[in-house]
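Topology and contacts: notes
Residue strings, one per chain:
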Amino acid sequence: MKKSILTALLLTGFVSAIAQESVFKVIQNKGGKAIAYAPTSGVKILTINGLSFKDLNKNGKLDKYEDWRLADDIRAKDLASKLTVEQIAGLMLYSSHQSIPARPGGYFAGTYGGKPFKAGETDPSDLTDQQKKFLAEDNLRHVLITTVQTPEIAAKWNNKMQAYCESVGLGIPANNSSDPRHGTKARAEYDAAAGGEISMWPSSLGMAATFDPTLIQKFGRIAATEYRALGITTALSPQVDIATEPRWGRFNGTFGESPWLSAAMGKAYCDGFQSSVWGAKSVNAMVKHWPGGGAGEAGRDAHYANGKFAVYPGNNFDAHLIPFTQGAFKLKGQTKMASAIMPYYTISWNQDKKNHENVANNYNKYMITDLLRTKYGYDGVVCTDWSVVALHKAMDSFLDGKAWGVENLSLVELHYKALMAGVDQYGGNNNVKPVLEAYEMGVKEHGEAKMRARMEQSAVRLLKNIFRVGVFENPYLNTEETKTIVGKPEFMKAGYDAQLKSIVMLKNQAKTLPITTKKTVYVPKRFVAASRNFLGMETPASEDYPVNLEIVKKHFNVTDNAEEADFALVFIENPKASIGYDKEDTKNGGNGYVPISLQYSDYKADDAREVSIAGGDILENFTNRSYKGKTAKVPNITDMQLVLNTKAKMKNKPVVVVVNTTNPMVFSEIEPSASAILLSFGVQDQAIIETIAGKNEPSALLPMQMPANMSVVEKQAEDVPYDMTCHKDSEGNVYDFGFGLNWKGIINDMRVTKYKIHINKGLK
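Just so it is clear, the structure is predicted and the values come from calculations on it, not from any experiment.

We now examine the overall build of the chain. Along its length, the chain carries 21 helices and 32 strands. In terms of overall dimensions, the chain has a C-alpha envelope of 85 × 70 × 55 Å along the principal axes. By residue count, 60% of the 764 residues in the chain fall in the buried class. Sequence-distant contacts in the chain: of pairs separated by 6 or more residues, those separated by 24 or more amount to 72%. Of the accessible surface of the chain, which amounts to about 28800 Å², a share of 51% is contributed by carbon and sulfur atoms.

Now for the side chain of Asn362. Mapped onto the elements, Asn362 comes out in the loop between β16 (347–348) and α10 (365–375). Looking at Asn362, the relative accessible area reads 0%, which means it is buried. A polar side-chain atom of Asn362 sits 3.4 Å from the main-chain amide nitrogen of Asp385. Sequence-distant contacts of Asn362, that is, excluding residues within four places in its chain, are made with Pro343, Tyr344, Tyr345, Ile368, Cys383, Thr384, Asp385, Val388, Ala418, Ala421 and Val423.

Another aspect to go through is unusual backbone geometry. Residue Pro291 is reached from Trp290 by a cis peptide bond, and omega for that bond is -5 degrees. Along the chain, the position of Pro291 falls in the loop between β13 (284–290) and β14 (309–310). Omega for the peptide link from Leu513 to Pro514 comes to 5 degrees, which places this bond in the cis form. Topologically, Pro514 is positioned in the loop between β19 (504–508) and β20 (520–522).

This part is about the sheet that holds strand β17 (residues 381–382). Strand order in this open sheet of seven strands is β7-β10-β11-β12-β13-β15-β17, and the pairing throughout is parallel. The open sheet terminates on both sides in strands that have one partner only, identified here as β7 (97–100) and β17. Inspection of the sheet shows strand β10 (residues 142–148) paired to strand β11 (residues 175–178) by four bridges, in the parallel sense. Each residue of the ladder has a partner; that of Ile145, found in β11, is Ser178.

Another point: the packing of helix α11 (residues 411–421) against helix α13 (residues 448–468). Taken N-terminus to C-terminus, the directions of α11 and α13 make an angle of 75 degrees; their axes are 11 Å apart at the nearest point. It follows that α11 is roughly perpendicular to α13 by the angle criterion. Packed against α11, whose contacting residues are Tyr416, Leu419 and Met420, the element α13 presents Met451, Arg454 and Met455 at the interface. Its residues placed into classes, the contact of α11 with α13 shows five nonpolar, no polar and one charged.

Of all six residues in strand β29 (residues 655–660), five are buried; the element is thus mostly enclosed. In terms of strand pairing, strand β26 (residues 567–573) meets β29 through six bridges, oriented parallel. Among the inter-strand pairings, Ala568 is bridged to a residue of β29, identified as Val655. The pairing of β29 with strand β30 (residues 676–680) spans five bridges and is parallel. The partner of Val656 across the bridge, within β30, is Ala676.

A separate point is helix α7 (residues 213–229). An α-helix turns once per 3.6 residues; consequently, residues spaced three or four apart project the same way. When the terminal C-alpha atoms of α7 are compared, their 24 Å separation across 17 residues agrees well with the 24 Å that a helix rising 1.5 Å per residue should span. Listed in full, the buried residues belonging to α7 are Leu215, Ile216, Phe219, Gly220, Ile222, Ala223, Ala224, Glu226, Tyr227, Arg228 and Ala229. Just downstream of α7, Gly231 is the residue with a positive phi angle, here 85 degrees.

A few words on the environment of Phe317. Structurally, Phe317 can be placed in the loop between β14 and α9 (322–328). A relative accessible area of 7% places Phe317 in the buried class. Phe317 sits 26 residues away from Pro291 along the chain, and the two C-alpha atoms are 8.5 Å apart. Ignoring sequence-local partners within four residues, the contact set of Phe317 consists of Pro291, Tyr312, Ser348, Gln351, Met367, Leu371 and Asp719.

Residues Tyr363, Leu463, Leu569, Phe667 and Ile692 are the most contacted members of the largest nonpolar core, which totals 221 residues. Apart from the residues lying within four places of it in its own chain, the contact partners of Leu463 are Ala76, Leu79, Ala80, Leu83, Leu91, Ile172 and Phe472. Judged by nonpolar contacts, the second largest core, of six residues, contains Val26, Ala36, Ala163 and Tyr476.

Here we come to the packing of α7 against helix α15 (residues 489–502). Packing of α7 against α15 leaves a shortest axis separation of 11 Å and a crossing angle of 150 degrees. The element α7 and its partner α15 pack so that their crossing is left-handed. Contacts between α7 and α15 involve Leu215, Lys218, Ile222, Thr225 and Glu226 from the former and Phe491, Ala494, Ala498 and Lys501 from the latter. The residue inventory of the contact of α7 with α15, partitioned by class, reads five nonpolar, one polar and three charged.

It is worth spelling out the packing of aromatic side chains at this point. For the coordinates displayed, the defined rule picks out 31 aromatic pairs. When the centroid spacing of 5.5 Å and the interplanar angle of 85 degrees are considered together, the rings of Phe667 and Tyr735 count as edge-to-face. With a gap of 68 residues between them, Phe667 in the loop between β29 and β30 and Tyr735 in the loop between α20 (710–715) and β31 (741–742) connect regions that are remote in the sequence. Since its relative accessible area comes to 0%, Tyr735 is described here as buried. Aromatic rings pair up to connect Trp201, Phe219, Tyr227, Phe255, Tyr269 and Phe273 into one cluster. Cation over ring: Lys402 sits above Tyr345, and NZ or CZ is 5.6 Å from the ring centre. Looking at Lys402, its charged tip hangs above the ring of Phe398, at a distance of 5.5 Å from the centre.

Each value, and the rule that gives it
- Residues numbered from 1 in each chain as written.
- Predicted model: local features only at pLDDT ≥ 70, side-chain atom pairs only at ≥ 80, totals over all residues.
- Heavy atoms only, no water.
- Helix = DSSP H or I, 4+ residues; strand = E, 2+ residues; numbered from the N terminus.
- Buried < 20%, exposed > 50% of the residue type's maximum accessible area, 1.4 Å probe, protein only.
- Contact = heavy atoms within 4.5 Å.
- Areas by Shrake-Rupley, 256 points an atom, 1.4 Å probe, with all protein chains shown as cover.
- Polar contact = N/O pair within 3.5 Å; in protein donor to acceptor, adjacent residues only side chain to side chain.
- Pairing = 2+ DSSP bridges.
- Axes fitted to C-alpha atoms, helices over the stretch in contact; angles between N-to-C directions.
- Parallel < 35°, antiparallel > 145°, perpendicular 65-115°, else oblique.
- Nonpolar A, V, L, I, M, F, W, Y, C, P; charged D, E, K, R; others polar.
- Expected span 1.5 Å × (residues − 1).
- Core = buried A, V, L, I, M, F, W, Y, C linked by side-chain atoms within 4.5 Å.
- Left-handed = near helix turned anticlockwise from the far one by under 90°.
- Phe/Tyr/Trp six-rings, centres within 6.5 Å; stacked < 30°, edge-to-face > 60°.
- Lys NZ or Arg CZ within 6 Å of the ring centre and 35° of its normal.

The structure is reproduced here in structure tokens:
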């Protein structure tokens, strides 16, 4: 058949399909939506008035939910009314983390035909046994994807997943999702003519340092395009918590401590991902974490039982809502609001103004129903954070259940309490059984009619988000297109440009930078202590060059002899704090609570609270979590020593220090030894080196304060931004929110004025 004839027939809708992949076929409706289906799924095509529709429930007639001409809300309500309670309960599940392919063992493990994955034998794009079970038996349709071997394999896996979903039940497609996946590989070299695995961007904190919402909206559009090419239709982001507590372990995922900067960046992020109108280019944004998780007492994080409490000594709870109410809920585009919200694990201590319950936000009816839904009119999906509806067994385990404040409840009671608080979905739960048992518990208390209505309410919200992004019509991917889209040169360049714009210059004594001639540089090796990550995986100690020397050599001569060098270049990281809890302390008669330090040298917490604001756990027989008088050590004290030793070796010659940071830090220990300081938020080495060499002028600003010392940190209020005395360097500059240097000196442009003005407008 000639190409022109085939094209004409496709446009008129009279040709049934052409094969884009062996798995699926596509039909283009004239003046309407393209639909795609898997011939093996059993789905038939209905032709009505020359238009084609998928008969997803295989009943031989066109139901409202199958009619792509109708509004998403109408379709969602129709489908929800047809679902059994078992099917609705399955929709309310959000899978545990799925790696493509599944790992042979450990947290992301899975099997194929009863056997672990084996390279060369197992097809990495196949569904695991566990995935087939939760799709068919548990009716799960929301899948969280972690690592993928390649974009092509991810696309093929998506097609198999969607064909499988199409073949069972009422043909509801999978809503695949991802946590942020656009981080950088530091040593990778950027080549404008070459693509990559996926575009690489600075961290959210780095994005915030640009003070430029238009940049993050551009990121959102590019990231959404790459997500859709991978089969991902929901982003478990952005994280808009205002990071008012400098010790918080999740600081790096935020847009800093300013409510207004966070609101602007969150709004732009959602507008970028969801697009100006819903459709095949959109990705649902799940904003987190309501009502803000950045006020954990003493900086401890609520992934752990020792960090379950958010406290408000500054009476500043309302400021933490601003990124939601003035950002994610007020989008410029026609999508209007972020389509989903994730509450945080924390107990917002004494903030329930109605029921006065000190329970985790995921279980708190005041936080979800009264505040989020009723007061602020939010009717999108509310999904718990992962492992919320799981049993609590340890004080310091990342993988522990996080039912804070309701630890005495059974698994079924936890599901029921969250449901009645207003939650629509359970993060990290593949098993439908406790949801069904929670439903039965509700039937006994409220009757079947009320519980069916409650479940159906959540089903409509969940289905609406799947209809909005167009996957009921076409959930399939062309793998060749995926290979050309994900990480294409244009996207890689945009990400690299953003990296350049995110670098903050804090110090530039005697205009040390830029170094535009090919001088000789001494780059000392950096020692990294042995460590264990949050999943318990060990990394051995190492000592190596902390930068890609081949990139350095393109701009400078490199030597191992400090005496031969014109300047030194030292790469370090901010002090790596603990989680604020130590089992060894309990063995010595302590309560287990220890300081979280933002300085390199040993820190004794003499200024800590005598009595903690909040406390209490079923595994503890006390409520005072004070660590006053205890000492904290950080494993990378060697970074401070590296700076001091390099300064001694270089004598009066310049020492340029590059700090890759995730949190505020105490600069007084290293700043006097540095001639210039650059702050990096997870960028490629090349971006740093090109800045030093004058190819890029620094333009970023601090999205947070840098404290003068740890006493200041102890005395600040966990819930209040901008309330610390900041470090003042040898040049007389103060490392405050909004500070940054360019080649001429202190940056004082419209960005600074716009966001610093809010400091004195009612926020403590």
